[in-house]
Amino acid sequence: MAPSVHKLALIAVAACLCSVSASAQTGVLNIYSARHYQTDEALYANFSQSTGIKINRLDGKEEELVERIRNEGKASPADLLITVDAARLEVADSLGLFQPVSSKLLDERIPAALRTPTWYSFSTRARVIVYNQAAVKREQVQSYADLAMPALKGQVCMRSGSHPYNLSLGAAVISHEGEAKAEAWARGLVANFARAPKGGDTDQIKAVAAGECGVTISNTYYLVRMMRSSRPEDLRAMKAVSVVWPNQSSWGTHINVSGAGLLKHAPNRDAAIRFLEYLASDQAQAYFAEGNNEWPVVKGIVQANPTLAALGSFKPDQLPIGELAKATVLAQKAFDRAGWK
Ligand code: FE
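These figures come from a predicted structure and were not determined experimentally. (Residues numbered from 1 in each chain as written. Predicted model: local features only at pLDDT ≥ 70, side-chain atom pairs only at ≥ 80, totals over all residues. Heavy atoms only, no water.)

A. Quick look at helix α15 (residues 328–338). The complete set of buried residues in α15 reads T328, A331, Q332, A334, F335 and A338. Viewed end-on, α15 has its buried residues packed into an arc of 165 degrees, placing them on one side of the element. Residues of α15 that are buried make contact with α4 (86–94), α6 (164–177), α7 (179–192) and α14 (321–326). G339 sits one or two residues past α15 and shows a positive phi near 80 degrees. (Buried < 20%, exposed > 50% of the residue type's maximum accessible area, 1.4 Å probe, protein only. Helix = DSSP H or I, 4+ residues; strand = E, 2+ residues; numbered from the N terminus. Arc of directions from axis to C-beta. Contact = heavy atoms within 4.5 Å.)

Shown next, in the form of structure tokens:
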């Protein structure tokens, strides 16, 4: 009996080793993602095909994913968090959810201003001024500061001051002009509101198109999405509005990002870094950006998005994204003081 038990044990050990080496070869990667666009499916499928690494993805709202990662603690199966906006990445970062990554490839591919020690940007969007041609003159709305001028009283529509997109914009204003000016700017905006903040960027664009207000601020991809829409009412709305690249004669148009970070307790660290590096590849960059009508961060990527290209070129804010992210907390305080709900 003894030898056969011994033999069975050996077989079990061999089988066990075999499965370990198989899993090391194929591997898995667990991604928590607050980004869910159809083209992202191809992005994940290509990675699995070329590496043999299976991706398990949990899609959800940023706040829920962050809460989940916190609750799971050291036992969290999550390797990566993918989300949008520096303000949100900063929330995850300030909670200590990320760990630093050292990757020569990422440092080479992603511009220094678009990465931090703990998270990376993979696409960019701009926050632009959108105005109704019949209600407002183009000269009146050349900068973010212009929207706080008394001449635009009752003309400004904005989404909530607590939304990450506006907090990041506020962080840019603080970084360039200081807290006092940012607060005064927010006060001026609030004084010009046509209505109390409600809805998202697309709702503001539609309100401007309908003449309910004269001007708003929106992320570029919402505009491109409406321009590419097959719904006649969206195309009609886009005919009624014009877009301005703000602050071209000062610090440039505020830029934000989609990004990702390696989680502190990532069980599949190597696979996760491989995926981050993959996101910086030519092919993935085009997919990642195209998924939400954004610009790739890696220079020279050809993106098949003529509508996005038609927006033209502009002078972007050069502020490092990590510096911007850190100021978002101050922006919330300044907006609170100014009464931007
Ligand atoms: Fe958005």
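What follows picks up the thread again.
B. Just the state of the cysteines, in detail. All told, the structure shown has 1 disulfide when counted by the stated rule. C157 shares a disulfide with C213; S-S distance 2.1 Å. Taking the torsion about the sulfur-sulfur bond, which here is approximately -100 degrees, the covalent link between C157 and C213 counts as left-handed. Of the two residues, C157 is situated in the loop between β4 (119–132) and α6 and C213 in the loop between α8 (201–209) and β5 (215–219); the sequence distance between them amounts to 56 residues. Residue classification places C157 among the buried positions, given a relative accessible area of 0%. (Disulfide = S-S within 2.5 Å.)

C. Quick peek at the packing of aromatic side chains. Inspection of the entire model under this criterion finds 15 aromatic pairs. A ring pair is formed by W295 and F314, whose centres lie 5.5 Å apart and whose planes are at 50 degrees; its orientation type is tilted. With W295 in strand β8 (residues 295–296) and F314 in the loop between α13 (306–310) and α14, this pair connects stretches of sequence that are 19 residues apart. Here the aromatic rings of F335 and W340 are separated by 4.5 Å at their centres, their planes lie at 40 degrees, and the arrangement is tilted. Above the ring of F288, the side-chain terminus of R35 is found at 3.7 Å from the ring centroid. (Phe/Tyr/Trp six-rings, centres within 6.5 Å; stacked < 30°, edge-to-face > 60°. Lys NZ or Arg CZ within 6 Å of the ring centre and 35° of its normal.)

D. Examining the coordination of the iron ion more closely. Taken together, the protein ligands of the iron ion are Y165 (OH), Y221 (OH) and Y222 (OH), with distances of 1.9 to 2.0 Å. Between the donor residues of the iron ion, the gaps in sequence give the motif Y-x55-Y-Y. Of this pair, Y165 sits in helix α6 while Y221 sits in helix α9 (residues 220–227), placing them 56 residues apart in sequence. In this structure, Y165 and Y221 share a single accessibility class: buried. (Donors = N, O, S within 2.8 Å, 3.2 Å for Na, K, Ca; no water.)

E. The arrangement of the nonpolar core in detail. Grouped together as the largest cluster of nonpolar side chains are 80 residues, with contacts concentrated most on L29, L81, F122, V141, W185 and F275. By residue number, the principal contributor to this core is helix α11 (residues 269–279), which donates 7 residues. Shared between two domains, this core takes at least three residues from each, and those domains are domain 1 (5–123 + 256–304) and domain 2 (125–254 + 320–338). Once residues within four sequence positions are removed from consideration, L29 is found in contact with F47, I53, K54, I55, N56, D79, L80, N268, A271, A272 and F275. Formed by 25 residues, the second largest nonpolar core is a distinct cluster that contains Y165, A207, A209 and M226. (Core = buried A, V, L, I, M, F, W, Y, C linked by side-chain atoms within 4.5 Å. Domains from an automatic or database assignment.)

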